[in-house]
Structures are given as C-alpha cells and as structure tokens.
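Understanding the architecture of this molecule
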Amino acid sequence: MLTCGRFLSTSSAATASFSPLRTLTRSLLRRPHPRLLSSASAAAATTAVEPDTKGSGGGASGGGGGAVRPQWKASIDFKWIRDNRDTVADNIRSRNSAANLDLVLELYDQYLALQKVRSSQCAFCSNWGSFLIMLTMATISNYDRWQEVERLRAERNAVANKMKGKLDPSVRQALVEEGRIRKNLKEALTGLEEDLVELTDKLQLEAQSIPNTTHPDVPVGGEESSVIRKQVGSQRSFGFAIKDHLQLGKELDLFDFDAAAEVSGSKFYYLKNEAVLLEMALVNWAISEVSKKGFTPLITPEIVRSSVVEKCGFQPRAQNTQVYSIENSDQCLIGTAEIPVGGIHMDSILLESTLPLKYVAYSHCFRTEAGAAGAATRLCLVKLPSLCPFILNRGLYRVHQFSKVEMFIFCRPEESDKWHEELITIEEDLYASLGLHFKTLDMATGDLGAPAYRKFDIEAWMPGLERYGEISSASNCTDYQSRRLGIRYRPAPSEPPLPSAKKGKAAGGPTQFVHTLNATAVAVPRLIVCILENFQQEDGSIVIPEPLRPFMGGVEVLSPKSK
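Residues numbered from 1 in each chain as written. Predicted model: local features only at pLDDT ≥ 70, side-chain atom pairs only at ≥ 80, totals over all residues. Heavy atoms only, no water.

The protein chain appears in an unreviewed UniProt entry as serine--tRNA ligase from Digitaria exilis.

**With respect to the overall build of the protein chain**
We apply this condition: Runs of E in the DSSP output that reach at least two residues are strands. Runs of H or I that reach at least four are helices, and both are numbered from the N terminus. Exposed residues in this analysis have more than 50% of their type's maximum accessible area, buried residues have under 20%, and partly exposed residues fall in between, with area computed by a 1.4 Å probe over protein chains only. Residue contacts are counted whenever heavy atoms from the two residues lie within 4.5 Å of one another. Methods summary: accessible areas were calculated by the Shrake-Rupley approach with a probe of 1.4 Å, and residue burial reflects only the protein chains presented.
Across its full length, the protein chain carries 17 helices and 19 strands. Looking at the 563 residues of the protein chain, the share that counts as buried comes to 49%. Considering only contacts within the protein chain whose residues lie at least 6 apart along the sequence, 76% involve residues at least 24 apart. As displayed, the protein chain has an accessible area near 26,700 Å², and 52% of this comes from carbon and sulfur atoms.

**Considerations on the pairing of strand 10 (residues 357-366)**
Rules: A pair of strands is labelled paired if DSSP reports no fewer than 2 bridges between them.
Of all the 10 residues making up strand 10, nine are buried; the element is thus mostly covered by neighbouring parts of the structure. The pairing of strand 6 (residues 296-299) with strand 10 spans four bridges and is parallel. By the bridge assignment, T296 is partnered in strand 10 with Y359. With 10 bridges connecting them, strand 10 and strand 11 (residues 401-411) associate as antiparallel partners. Within the sheet, the bridge partner assigned to L357 lies in strand 11 and is F410.

**Considering the sheet that holds strand 16 (residues 512-513)**
The strand order across the open sheet built from three strands is 9-15-16, with neighbouring strands paired in mixed fashion. One side of each edge strand has no neighbouring strand; the edge strands of this open sheet are strand 9 (348-351) and strand 16. Sheet topology note: the strand 15 (residues 487-490)/strand 16 ladder contains two bridges and is antiparallel. Across the sheet, residue Y489 finds its bridge partner in strand 16, namely Q512.

**Comments concerning unusual backbone geometry**
Looking along the chain, the bond that leaves L355 and enters P356 is cis, with omega of 0 degrees. Its location among the elements puts P356 in the loop between strand 9 and strand 10. Despite not being glycine, N273 shows a phi value in the positive range, around 50 degrees. Note on placement: N273 falls in the loop between strand 5 (270-271) and helix 10 (274-291). The phi dihedral of N328 falls on the positive side, at around 60 degrees, and the residue is not glycine. Within the secondary structure, N328 sits in the loop between helix 11 (306-311) and strand 8 (331-333).

**A look at the sheet that holds strand 14 (residues 467-476)**
One key point about sheets: their strands pair by backbone hydrogen bonds, in either a parallel or an antiparallel sense. What counts, and what does not: Helix axes are fitted only over the stretch in contact, all axes being lines through C-alpha atoms; the angle between N-to-C directions runs from 0 to 180 degrees.
Pairing is mixed across the open sheet formed by eight strands, whose spatial order is 3-12-13-14-17-11-10-6. Each edge of the sheet is formed by a strand with only one pairing partner; in this case those strands are strand 3 (227-232) and strand 6. Averaged over all pairs of adjacent strands, the angle between their axes in this sheet comes to 25 degrees, without regard to strand direction. Along the sheet face, helix 15 (residues 416-433) touches strand 3, strand 10, strand 11, strand 12 (438-442), strand 13 (454-462), strand 14 and strand 17 (515-523) and points at about 5 degrees away from the line of strand 17.

**Examining the environment of L423**
By the secondary structure assignment, L423 is in helix 15. L423 gets classed as buried once you look at its relative accessible area, which sits at 0%. Counting along the chain gives 33 residues from L423 to F456, while the straight-line C-alpha distance between them is 9.7 Å. When neighbours within four sequence positions are excluded, L423 is seen to be in contact with F295, M407, I409, A474, L517, N518 and A519.

**Remarks on the nonpolar core**
Selection criterion: In this text, buried Ala, Val, Leu, Ile, Met, Phe, Trp, Tyr and Cys residues form a nonpolar core when linked through side-chain atoms within 4.5 Å.
Core analysis: the biggest nonpolar cluster contains 62 residues, and L282, V405, L436 and I471 have the highest contact counts within it. Not counting the four nearest positions on each side in its chain, L282 is found in contact with V522, V524, L527, I528, I531 and L548.

**Regarding the packing of aromatic side chains**
Going by this rule: Two rings belonging to Phe, Tyr or Trp (six-membered ring only in the last case) form a pair when the distance between their centres is within 6.5 Å. Interplanar angles under 30 degrees mark stacking, angles over 60 mark edge-to-face geometry, and anything in between is tilted.
On inspection of all chains with the given rule, the structure shows eight aromatic pairs. Between F255 and F257 the ring centres are 5.5 Å apart and the planes differ by 70 degrees, which places this aromatic pair in the edge-to-face class. Classification of F255 by relative accessible area gives buried; the value is 9%. Centre to centre, the rings of W461 and Y468 are 5.1 Å apart; their planes meet at 65 degrees, and the pair counts as edge-to-face.

**Quick notes on the pattern of salt bridges**
Selection criterion: Every case where a carboxyl oxygen of Asp or Glu lies within 4 Å of a side-chain nitrogen of Lys or Arg is listed as a salt bridge.
In total, this model carries 21 salt bridges according to the counting rule given. For D83, the salt bridge is made with K79, and the minimal N-O distance between the two is 2.8 Å. Of this pair, D83 and K79 are both found in helix 2 (residues 78-83), four residues apart, which corresponds to roughly one turn of the helix. Among the ionic pairs, R85 bridges to D102, the shortest N-O distance being 2.6 Å. Within this pair, whereas R85 is found in helix 3 (residues 85-94), its partner D102 is found in helix 4 (residues 101-121), the two being separated by 17 residues in sequence. Overall, R85 belongs to the partly exposed group, its relative accessible area being 37%. Note on D102: relative accessible area 49%, which makes it partly exposed. Linked through salt bridges whose partners overlap, the residues forming this network are E352, R412, E414 and E415.

**Brief notes about the packing of helix 10 against helix 15**
Defined as follows: The cut-offs work like this: below 35 degrees is roughly parallel, past 145 is roughly antiparallel, 65 to 115 is roughly perpendicular, and the gaps in between are oblique. In this scheme the crossing of two helices becomes right-handed for a clockwise turn of the near helix relative to the far one and left-handed for an anticlockwise turn of less than a right angle.
Remark: helix 10 packs on helix 15, axes separated minimally by 11 Å, with the N-to-C direction vectors making an angle of 130 degrees. On the basis of their axis angle, the class for helix 10 and helix 15 is oblique. Helix 10 and helix 15 meet at a crossing whose hand is right-handed. Facing helix 10, whose interface residues are W285, E289 and V290, helix 15 presents I426, L430 and S433.

**Details of the packing of helix 10 against helix 17 (residues 524-534)**
To describe two helices that pack against each other, one gives the angle between their axes and the distance between the axes. Filter applied, for reference: Note on residue categories: nonpolar means Ala, Val, Leu, Ile, Met, Phe, Trp, Tyr, Cys or Pro, charged means Asp, Glu, Lys or Arg, and polar means any other residue, Gly included.
Contact geometry for helix 10 and helix 17: axes closest at 10 Å, N-to-C directions at 110 degrees. With respect to helix 17, the axis of helix 10 lies roughly perpendicular. Classified by chirality, the crossing of helix 17 by helix 10 is right-handed. Residues L278, E279, L282 and V283 of helix 10 pack against V524, L527, I528 and I531 of helix 17. Classifying every residue of the contact of helix 10 with helix 17 by side-chain character gives seven nonpolar, no polar and one charged.

Here is the structure:
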C-alpha cells in the first residue's frame with residue numbers, strides 16, 4: 001500500500017560505510033541555489049535561502065538566525081509523490097492540510113538534476129577532484145565559466161605531474177601560484193556543498209508536512225460528512241429528572257474540581273472514594289480483556305523526546321499544540337501511549353515471524369486542549385445555546401490529565417486493514433458489554449490527523465449532556481509512522497537458502513516498512529461520565545456495570561453518602 005513516504009536509501013545504518021566519494025555525493029545533493037564560480041578567483045557568490053518558519057514540518061527546529069534544519073529525516077518516497085501529483089494534491093485539499101506540494105516538487109526537481117549529473121558523469125570521474133569539478137560544471141550557466149573549470153582541471157593535473165620532478169625555484173614558485181588557484185576552487189566548492197545541504201534540508205521539512213494517503217472508502221468533507229457504520233443499543237428512557245455527571249459526582253462525593261483548580265488550574269480534578277475504585281476497575285478490566293486477544297501489557301514512559309512525538313505525527317512546537325513541552329529540554333509529556341509504544345521498536349528491523357506485535361498500554365496522558373474552548377464557545381453561542389454546559393467542556397469530558405488504556409499493533413502492510421477491523425471490533429465489544437448505547441463512525445477526510453489512513457470513532461450517548469460524546473478512536477496509520485520511526489521487517493524467505501549462498505547475507509529480500517495501528521480501549525474520564533449518567537437511579541445511586549464489579553471489590557452500587 002503506497003503512502004506519502006518512501007526511503008531514498010536502504011537503511012540508515014548503511015550511511016556509515018559509504019566511501020568518501022559516495023559520502024560527498026550524498027552531502028552535495030542538497031540546497032536549491034548552488035553558488036556560481038567566478039572565472040578569476042572561483043570565489044562563491046551565495047544565494048540566500050529563507051528559513052522555514054511555518055512549523056509545518058514534523059522535524060522543524062526553531063533555532064538561531066540560520067536556516068531551519070530537520071532534527072530527523074523521514075523516509076519519504078518523493079518519486080511516488082511526483083508520479084502521483086494529482087492524487088496527492090487532491091488528498092492535501094480534502095484533508096485541509098497546509099502542505100505545499102508545488103514547493104516540494106520544485107525542490108525535488110532540483111535534487112534530481114544533481115542526481116542526474118552524478119550518475120552520468122561519475123562513470124569517467126576517476127578521483128575526488130574530478131568529480132567535484134564535474135559537479136560544479138553542472139551548476140554554471142555560462143559556457144565560458146564551464147570552459148574555465150575545464151581549463152583549471154587540465155592545469156591542475158599538469159601542475160601535479162610537474163611537481164613530481166626536479167624543478168628550478170622560479171618554476172616551482174609558478175606552480176605554487178597555480179596551486180593557490182586550485183585551493184580557491186576547493187574553497188568555492190565547499191561553499192557549493194553548503195548550499196546543496198540546504199536543499200535536502202528544505203525538501204525534507206516541506207515534505208514532512210504532507211499527510212498520509214487516504215483509504216478510498218473514507219467520506220470526503222468535514223466532520224459532519226462522517227458516516228455511521230454501526231449503532232449499538234438505544235437511548236435509555238428515564239422516568240425521572242436526570243442529572244449530569246457533575247451533579248451526580250458532587251452528591252456521591254466522587255470528585256473535587258474546586259480544590260484541583262486551586263492546586264493545578266482549570267480542567268484538573270481529584271477523584272475520591274468509589275471514583276478511585278472505578279478508575280482502577282476500568283483500567284484493570286480493559287487490560288484483562290484485551291490481553292485475552294494476544295496483546296502484551298505495557299506501562300510506558302510518560303516523558304518522551306520531542307523527536308519521537310514528531311515522528312508519530314504530532315507537532316509539539318506548533319501553534320495551538322496539544323502537547324506539553326518541558327522547557328529547556330528536548331522532552332514532552334505524552335498525550336497518548338501511542339507515542340511511547342510507537343517508539344518501542346524505533347530504528348529496528350523486525351523478523352516477519354514476530355508480526356503482528358500487539359500491545360495494550362496503560363499511561364497517564366497530558367493535553368493542553370489549546371484552542372478547543374474557543375471553537376466550542378463559538379458553536380455554543382451561535383448554534384446550540386441549550387448545550388453550553390457540554391460545549392464549554394465542563395467536568396470530566398475534556399481535561400488536561402487523565403488515564404488511558406491504548407492498543408497498538410505493528411503488522412505487515414497487507415494485513416493492516418484486517419487488524420483495523422479487529423481493533424474496532426474489540427472496542428465495540430468492550431463498550432457493548434458495559435451496556436452503553438453508542439455509534440461507530442467512519443470519519444471524514446477533514447477530521448483525519450496527518451498520520452491516519454483511515455479512522456473509526458466511537459461516540460457514546462451521554463444523557464446528562466444530552467448528546468453523543470467521543471469515547472474512543474481506532475486509526476490505521478499504514479507506514480506513515482514507521483517511515484519516520486525507522487521500523488522495518490525482513491520478509492521470511494519463500495524457499496530455504498541455497499548451500500552456495502554467501503555467509504552472512506540476509507535471506508528473504510529487502511526490508512519493508514511495517515504498518516502501525518492504534519486504538520483506545522479505555523479513556524477513563526469519559527467512561528466515568530458514561531457510567532454515571534447512563535446508570536443513574538431515581539434515588540441518586542449508580543449501578544455499576546456487571547463486568548466491572550469483580551474489579552471493584554464486589555461493589556455493585558454507588559450510593560449517596562448519608563448526611
């Protein structure tokens with residue numbers, strides 16, 4: 001399955017073993033405005049390249065006054081992007097991406113021009129100096145300068161031959177002067193190399209902002225264009241005035257938002273009494289149920305490097321980011337266990353026999369929720385004034401810190417669609433067993449994040465809030481993340497290796513990128529909202545769903561505290 005990222009080299013490890021000529025070739029094939037050599041001194045006249053300040057590229061790093069350098073390199077298939085230009089452009093538009101495809105292709109064309117020079121000229125370039133001059137010739141638009149470089153090359157060879165024999169002092173001095181010309185040429189070519197380095201840096205940064213391709217069945221449009229693919233249960237009929245989870249929690253003494261606001265700020269909370277047991281029950285129940293499906297339980301780090309966050313498709317330094325960054329460090333708090341689990345096999349080559357690798361991970365999650373309140377407030381005031389308590393995200397629905405159980409799969413490319421269906425089925429079975437009424441949505445292109453090829457959301461009915469609210473999602477990211485994280489697998493050989501096969505040579509053909517998928521098993525606060533509001537009784541008590549009771553120490557009902 002093709003996506004917007006393919007490797008230009010077979011592996012990052014191979015870079016270290018390049019010959020000097022190949023290393024130079026790789027480093028020279030960069031930057032959009034090569035320097036021009038003057039015929040007299042070969043001094044370099046630079047063409048400045050503006051730094052990328054948009055922050056759209058995953059690896060952008062805000063630094064000093066120079067051009068922005070990528071902190072890491074994604075393995076992007078530029079040829080596929082160029083060959084499928086119309087498809088990529090349509091995909092960028094339908095997903096409301098800010099990626100600049102025209103600029104990416106312009107930079108890639110410049111890259112290819114230099115590649116062509118290398119491949120056509122290196123056949124008769126016998127040494128480092130000859131290759132440098134041939135590459136420089138490709139950057140000179142004036143025929144006279146081309147001839148000048150040819151002349152300098154011939155003179156350099158002649159000088160080198162003459163210096164081998166016995167020479168008069170005057171002749172030797174003349175040759176030394178000619179050597180200075182060659183030195184100037186080398187210095188000018190060094191400037192050329194610096195400009196070319198900037199080409200691939202700029203190309204990499206721009207291309208990193210191109211989103212993943214999209215499944216052909218995904219509906220096109222904004223969130224309102226999403227399609228219901230399944231609905232389970234029905235809204236419960238209440239014979240009494242229902243309460244929202246905030247009022248229920250207050251009467252049952254389950255959480256304290258006021259004290260948390262004094263201690264930590266808004267959108268934080270204390271869980272108390274049976275709410276603590278309920279959180280632990282949800283976590284342990286989810287891990288227990290998902291582990292039965294062959295998932296390996298994990299507890300992950302909750303602080304990770306910014307580069308890992310970026311490689312997973314998030315933007316820790318962008319405007320209105322959801323990521324908390326740690327000041328004066330390259331680390332962030334995680335917003336989901338998807339990030340540390342995605343990085344667990346970073347820069348690895350897995351054996352095909354180990355796939356799929358399935359993990360169920362517990363972690364705390366931290367999100368800034370920047371920009372969410374403003375958009376919600378506008379919607380509340382303009383369209384849904386009766387739903388303002390929900391739209392303004394009061395209570396547990398949208399908070400800065402929460403516990404979550406996440407499922408994550410690494411698999412072969414041809415199996416990712418199958419495992420995507422498996423993940424959404426697990427989610428649906430979990431929530432159905434709790435007795436929740438919910439619907440599963442195939443999310444439209446405008447609601448897909450950059451990594452997602454396809455995403456299913458589950459929205460459960462929350463009667464106290466008088467609407468459906470998202471409780472989970474399941475995404476197939478194909479090889480978007482693995483190309484950035486450097487996670488491949490080696491296909492098993494179709495036949496046993498021949499006895500004559502070279503020792504140490506890997507069997508099974510070239511490595512391929514795995515596909516990654518993620519899905520929420522339990523986002524604790526939102527399931528607490530669902531349980532409190534859906535299973536409330538007229539006397540203010542809450543009936544605990546039967547699957548959770550063994551994990552609640554046998555507690556079946558949460559009753560109001562006696563005054």
